[in-house]
Amino acid sequence: MIIMFTALGLSNIAKGQDWPNLAQFKEANAALPAPTENEDRVVFMGNSITIGWINSRPEFFEGKPWINRGISGQTTPQMLIRFRQDVIDLKPKVVVILAGTNDIAGNTGPSTIPMIMDNIKSMAEIAHANNIKVILSSTLPAYDYPWRPGLEPAPKIMALNALMKIYCKEKGHIYLDYFSAMADERNGLPKKYASDEVHPTKEGYAVMEPLVTAAIAKALE
């Protein structure tokens, strides 16, 4: 019985060693060539909404020097830990950060809005220090989380977005406002854009695509 408990404990420790999931893109990053002299490389950093984009709408990324580094379920502290490996080391000209909803959902424990903003600011500061233009995306609307119902995330998302917008204005970053284009009367994400009201469908991504394309063009000016 003691042996079984010890083995289980070691197994859990081993699983917990890669908390930010640095292994996810390790091989892909190593195989990625350095950007060419005139390459307008862009990295998309995020969670399931970001990785779901390339899975749902691969044609949007095809033929472009755009690299998707979303990991499902991730929160801003996890993204911050892997930011150097999955963004800085890839030497993009622009990073598009879309984060925060999983923090509000409590995926890795309780997080206050200031805590989330601190992590987002840290990612932006690291990017800026490495001459990478920063696009901070508004957190997408969410009236409720199917996996954690009753948290009433909408007011928290709106508060986070307001702080991001102010921060972008102060620091000269680009604020990418998905929220205003997608929110319904509940300040949630309607089913026409996300069947579970959190993760966009092709129709939801179709709303986002011209907005991010314009933001990237602006960043590259």
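Further up the page is the structure itself.
In this text the structure is predicted, and so the values were computed from the model without any measurement. (Residues numbered from 1 in each chain as written. Predicted model: local features only at pLDDT ≥ 70, side-chain atom pairs only at ≥ 80, totals over all residues. Heavy atoms only, no water.)

**Student:** Tell me about the side chain of Arg69, and name the residues and values.
**Tutor:** Inspection of the secondary structure puts Arg69 in strand E2 (residues 66-70). As a buried residue without a salt bridge, Arg69 has its nearest oppositely charged side chain in Asp86, at a separation of 4.7 Å. A polar contact is formed between the side chain of Arg69 and the side chain of Asn29, at a distance of 2.9 Å. Excluding residues that lie within four positions of it along the chain, Arg69 makes contacts with Phe25, Ala28, Asn29, Val43, Phe44, Met45, Gly46, Arg82, Asp86 and Leu90. (Helix = DSSP H or I, 4+ residues; strand = E, 2+ residues; numbered from the N terminus. Buried < 20%, exposed > 50% of the residue type's maximum accessible area, 1.4 Å probe, protein only. Lys, Arg positive; Asp, Glu negative; His and termini not counted. Salt bridge = Lys/Arg side-chain N within 4 Å of Asp/Glu carboxyl O. Polar contact = N/O pair within 3.5 Å; in protein donor to acceptor, adjacent residues only side chain to side chain. Contact = heavy atoms within 4.5 Å.)

**Student:** So what's going on with empty space enclosed by the protein? Which residues, and what values?
**Tutor:** Going through the model one piece at a time under the given rule, you end up with one cavity of 30 Å³ or more. Computed from the structure, the largest cavity encloses a volume of approximately 30 Å³. Lining the largest cavity, in full, are Asn47, Ile49, Leu98, Ala99, Thr101, Thr139 and Leu140. In the lining of the largest cavity, the residues fall into four nonpolar, three polar and no charged. (1 Å grid on protein atoms, 1.4 Å probe; cavity = no way out; pocket = protein on both sides within 12 Å on 5 of 7 lines; lining within 4 Å. Points joined across faces, edges and corners; volume = space filled by probe spheres on them. Nonpolar A, V, L, I, M, F, W, Y, C, P; charged D, E, K, R; others polar.)

**Student:** Describe helix H5 (residues 76-86), and please don't skip the residues or the numbers.
**Tutor:** Every α-helix winds through 3.6 residues per turn, so residues three or four apart in the chain are directed the same way. Every buried residue of H5 is accounted for by Thr76, Gln78, Met79, Arg82, Phe83 and Asp86. For H5, the arc enclosing every buried residue in end-on projection is 150 degrees, short of the 170-degree limit, so these residues lie on one face. Those residues of H5 that are buried are in contact with helix H2 (26-31), strand E1 (42-46), E2, strand E3 (94-97), helix H6 (101-104) and helix H7 (113-129). (Arc of directions from axis to C-beta.)

**Student:** Could you give an account of the environment of Glu62, naming the residues involved and the relevant values?
**Tutor:** Looking at the secondary structure, you find Glu62 in the loop between helix H4 (58-61) and E2. As for Glu62 and Thr75, which are separated by 13 residues in sequence, their C-alpha atoms are 27 Å apart.

**Student:** If you had to explain the pattern of salt bridges to someone new, which residues and values would you point to?
**Tutor:** When their charged atoms lie close together, side chains carrying opposite charge are able to pair. Scanning all chains against the criterion turns up eight salt bridges. When the shortest N-O distance is used, the salt bridge between Arg41 and Glu39 registers 2.8 Å. A residue is classified by how much of its surface remains accessible, and Glu39, at 17% relative accessible area, is buried. Here Arg82 ties to Asp86 by a salt bridge, and the two come within 2.8 Å at their closest N and O atoms. Residue Arg82 and its partner Asp86 are both found in helix H5; the two are separated by four residues, about one turn of the helix. According to the relative accessible area criterion, Arg82 is buried, its value standing at 0%. Residue Asp86 is classed as buried on the basis of its relative accessible area, which comes to 0%. Because the salt bridges share partners, they merge into one network encompassing Asp184, Arg186, Lys191 and Glu197.

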